[in-house]
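Here is what each chain is made of, one letter per residue.
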Amino acid sequence: MSAPEELGHAQGTTDILLARAASFAARRRAAGGGSARPASPATGVAIVACMDARINLEAIFGLAEGDAHILRNAGGVVTEDIERSLAVSQHALGTTEIILIHHTRCGMETLTDDGFRASLAERTGVRPTWRLQSFTSAAEDVWRSVTALRSSPFLRASTSVRGFVYDVETGELDEIIESPQPAASAPTQATA
């Protein structure tokens, strides 16, 4: 959506998006693209990322339709369902690489599992049985997720798993190649 003024009084955002989808389908038919694309991603890559709207994975990686499997959730955390989807991606659809993307200024760093679940129970009257899987450091959670996926019995041992933190301000990716050290335990420089 480019601007709120696009919304009419009787028309909701979903209706606008449905009109755009119909235009997309019409352009595809006009271009002779009536056949379905292959389900296996052309790059052999599956990407797990946060659902944050500031992360445009297609633009960041120069991806076109059919290039990659993209799995998103709050925080880009590795849940049982993400692991399930990655197993299907690999064993049924041939992916061989996984990219994990967390980002700076993530809301999951500001929430706690217990606090969010209590707040949700207060609002809805039902306490969720699932964990939020919040974290205090995107880099630490990326490393934890990379480690978990590398040891998953459901993924191929030969799978390349790499993790990154995307900077929402600069657009840069910082690869996390080892367990981040907490700031408090960082070595201090000696002064002469």
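Structure: above.
Not measured: the values here are computed from a predicted model.

Glancing now at unusual backbone geometry. With a phi angle near 55°, Arg105 is a residue other than glycine that sits in the positive phi range. For Arg105, the position within the fold is in the loop between strand 3 (97-103) and helix 4 (113-124). One non-glycine residue, Gln133, lies in positive phi territory at about 65°. With respect to the helices and strands, the residue Gln133 is situated in the loop between helix 4 and helix 5 (138-150). According to the relative accessible area criterion, Gln133 is buried, its value standing at 15%.

Another point: the sheet that holds strand 3. Taking strand neighbours across the sheet as the criterion, the 5 strands line up as 2-1-3-4-5 in an open arrangement whose pairing is mixed. Where the open sheet ends on each side, the last strands, each with one partner, are strand 2 (68-73) and strand 5 (173-176). Sheet twist, expressed as the average angle between the axes of neighbouring strands with direction ignored, equals 25°. Bridge analysis of strand 1 (residues 45-50) against strand 3 gives 5 bridges, and the strand direction is parallel. Looking across to strand 3, one finds that Ala46 is bridged to Ile98. Relative to the sheet, helix 5 contacts strand 3, strand 4 (160-166) and strand 5, its axis offset from that of strand 4 by approximately 170°.

With 18 residues, helix 1 (residues 13-30) ought to run about 26 Å at 1.5 Å a step, and its terminal C-alpha atoms sit 26 Å apart, in line with that. Following helix 1 by one or two positions, Gly32 has its phi on the positive side, about 80°.

The next point concerns the environment of Leu120. Secondary-structure assignment places Leu120 in helix 4. Judged by relative accessible area, which is 23%, Leu120 ranks as partly exposed. In this structure, Leu120 is in contact with Gly125, Val126, Pro128 and Trp130, ignoring residues within four places of it in sequence.

What follows is about the pairing of strand 3. A large share of strand 3 lies buried, amounting to 6 of its 7 residues. In the sheet, strand 3 pairs with strand 4 via 7 bridges, with the strands oriented parallel. Across the sheet, the residue bridging to Leu100 is Gly163, located in strand 4.

Moving on to the pattern of salt bridges. For the structure shown, the criterion picks out 7 salt bridges. Among the ionic pairs, Asp141 bridges to Arg144, the shortest N-O distance being 3.0 Å. Here Asp141 and its partner Arg144 are both found in helix 5, 3 residues apart, which amounts to about one turn of the helix. The buried category is assigned to Asp141, whose relative accessible area is 6%.

What counts and how
- Residues numbered from 1 in each chain as written.
- Predicted model: local features only at pLDDT ≥ 70, side-chain atom pairs only at ≥ 80, totals over all residues.
- Heavy atoms only, no water.
- Helix = DSSP H or I, 4+ residues; strand = E, 2+ residues; numbered from the N terminus.
- Buried < 20%, exposed > 50% of the residue type's maximum accessible area, 1.4 Å probe, protein only.
- Pairing = 2+ DSSP bridges.
- Axes fitted to C-alpha atoms, helices over the stretch in contact; angles between N-to-C directions.
- Contact = heavy atoms within 4.5 Å.
- Expected span 1.5 Å × (residues − 1).
- Salt bridge = Lys/Arg side-chain N within 4 Å of Asp/Glu carboxyl O.

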